[in-house]
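Fold and contact review
Given next are the chains, with one letter for each unit.
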Amino acid sequence: MSKLIYSVWLACALGPANKQGRKLLAAFGDDPAAVYSAGSYADLGLRETTEKRLLDKDLTRAIDIVGRCERSGITPVALGDPLYPSRLRMLGDRPYLLYMKGRLRQLGETPCVAMVGTRDAVPSGLKSTSVLSSGLSDYGVTVVSGLAYGIDSQAHRSCLDGGGFTVAVLGCGHERAWRWYNGEMLSEIAEKGMIISEYPPNFPAARYTYPQRNRIISGISDAVLVTQAGMKSGALITADCAKKQGRLIFVSPPVAGDEAYEGTAWLLRSGAQVAHSATDIAEKLSDRYELRNPDVERIKKYHAHEPVENERTDAGNAVHGTSGPRPEGAEPQAAERSGATECEAAVLDAVRKNEGITADGLVKLLGFSVSDTAKALTALEILGEITALPGQRFAAV
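Residues numbered from 1 in each chain as written. Predicted model: local features only at pLDDT ≥ 70, side-chain atom pairs only at ≥ 80, totals over all residues. Heavy atoms only, no water.

**Concerning the environment of Lys3**
With respect to the helices and strands, Lys3 occurs in helix 1 (residues 3-14). Counting along the chain gives 29 residues from Lys3 to Pro32, while the straight-line C-alpha distance between them is 7.2 Å. (Helix = DSSP H or I, 4+ residues; strand = E, 2+ residues; numbered from the N terminus.)

This is the structure:
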């Protein structure tokens, strides 16, 4: 029998967040086969329910899970595996086994920031999430989140759009994820990033699985950033996990008096640090990691969206079919840029005519979706067409 089957059997016997796993493995030299072969665990002081599951030696479920993983391209990663996230390994309630899918890598070798927030996101919350996620990816930071609708999905989306690496942590097994999450984004993350679950492939989501997975979101990360959360948001559970784990906690500036940001404001009063930009977070990580130069990354992205025939003289100006600087007094309209969308052009025009307009105001004025508006604002900021003002407001440059 392969060691993997014994590892899966042990993970099922322990269940999620079982702190007794450390004691058990220490007694048997970190060997799951030795744990399986033992006839008694009476001297270890384990809970009765845990001991009862360990005495059940039926391997049928473990064999079925291994077969499901092989058919679905899922890699079970046990605690002693080099791919097991090194930051997570240090926690007392770490899962013994993780089920991973995608471009597998050792997450401990790169900076990771968890970005979390409410499902009921408002335009300003999505906007700040988009800007911060894109900015972190420019620094080479891995963005971790829970793939829920709202803030989580926006964090993943903006990271992917910026060419970054993102990790989604599920609250169910991989095979059940299609029922609870955005299937298209799930496929894209599996192709370009990584998906992690502590639950077997066919394990269903439940009310308790989401709070459990939150400790993994914070546990594999160097810091947690909450961009928008009400007082009942699950993001506060993730922030609490981060505090217990000794992680850095950041919030984006909350909108004063807005109920949608009550949880964010509470975290700020409780000692969280404010992240006005990705640079605020990067500065805290720079003593541990060598980060990328974000200005270089932005210029690369800008060039990547221009057609071959466009000749450029600097990072900010493109003139179709010609070379040289932009004529004095001539302002490039968003609609004239080859990479501009209808939404970008409309947003730029609206910002020029309504200085200090908010993201929410743009959505109401123009009728574009919250996501498209947030993307347009991010693109126009990177291009230097608009600038963000205090209070989530925008003005033309």
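**As for the packing of aromatic side chains**
In total, this model carries four aromatic pairs according to the counting rule given. With a centroid separation of 5.0 Å and an interplanar angle of 45°, the aromatic rings of Tyr6 and Tyr36 are classed as tilted. Here Tyr36 lies in helix 3 (residues 32-37) and Tyr6 lies in helix 1, a separation of 30 residues in the sequence. For Tyr36, a relative accessible area of 17% gives the class buried. Measuring from centroid to centroid gives 5.0 Å for Tyr199 and Phe203, while their planes differ by 20°, and the two rings are stacked. Joined through ring pairs, the aromatic side chains of Tyr6, Trp9 and Tyr36 make up one cluster. Just above the ring of Phe165 sits the side chain of Arg105; from NZ or CZ to the centre is 3.6 Å. A cation over an aromatic ring shows up here: Arg119 above the ring of Tyr210, its NZ or CZ 5.7 Å from the ring centre. (Phe/Tyr/Trp six-rings, centres within 6.5 Å; stacked < 30°, edge-to-face > 60°. Buried < 20%, exposed > 50% of the residue type's maximum accessible area, 1.4 Å probe, protein only. Lys NZ or Arg CZ within 6 Å of the ring centre and 35° of its normal.)

**Details of the state of the cysteines**
Inspection of the entire model under this criterion finds zero disulfides. There is no disulfide at Cys69, and the cysteine sulfur nearest it, in Cys12, is 10.0 Å away. (Disulfide = S-S within 2.5 Å.)

**Focus: the sheet that holds strand 13 (residues 386-389)**
What links the strands of a sheet is backbone hydrogen bonding, and the strands pair in either a parallel or an antiparallel sense. Taken in spatial order, the three strands make up an open sheet running 12-14-13, and their pairing is antiparallel. In the strand order of this sheet, the two ends are held by strand 12 (357-358) and strand 13, each with one partner. Judged from the four bridges that link them, strand 13 and strand 14 (residues 393-396) form a sheet pairing that is antiparallel. Along strand 14, the bridge assignment pairs Leu389 with Arg393. Of the strands in this sheet, strand 12, strand 13 and strand 14 are in contact with helix 16 (residues 342-353), which crosses strand 14 at around 90°. (Pairing = 2+ DSSP bridges. Contact = heavy atoms within 4.5 Å. Axes fitted to C-alpha atoms, helices over the stretch in contact; angles between N-to-C directions.)

**Regarding empty space enclosed by the protein**
Over the atoms rolls a probe the size of a water molecule, and in doing so it shows where empty space is left. For the structure shown, the criterion picks out one cavity of 30 Å³ or more. Estimates place the volume of the largest cavity at around 90 Å³. Forming the boundary of the largest cavity are 13 residues, of which Asn18, Gly21, Arg22, Arg94 and Tyr96 lie nearest the centre. No other element matches the three residues that helix 2 (residues 21-27) contributes to the lining of the largest cavity. (1 Å grid on protein atoms, 1.4 Å probe; cavity = no way out; pocket = protein on both sides within 12 Å on 5 of 7 lines; lining within 4 Å. Points joined across faces, edges and corners; volume = space filled by probe spheres on them.)

**Points about the packing of helix 7 (residues 123-138) against helix 8 (residues 151-161)**
Closest axis-to-axis distance for the helix 7/helix 8 pair is 8 Å, and the angle between their directions is 40°. The crossing of helix 7 and helix 8 is right-handed. Each of Gly125, Leu126, Thr129, Ser130, Ser133, Ser134 and Ser137 in helix 7 lies in contact with helix 8, whose residues at this interface are Ile151, Gln154, Ala155, Ser158 and Cys159. Residues that form the contact of helix 7 with helix 8 fall into these classes: four nonpolar, eight polar and no charged. (Left-handed = near helix turned anticlockwise from the far one by under 90°. Nonpolar A, V, L, I, M, F, W, Y, C, P; charged D, E, K, R; others polar.)

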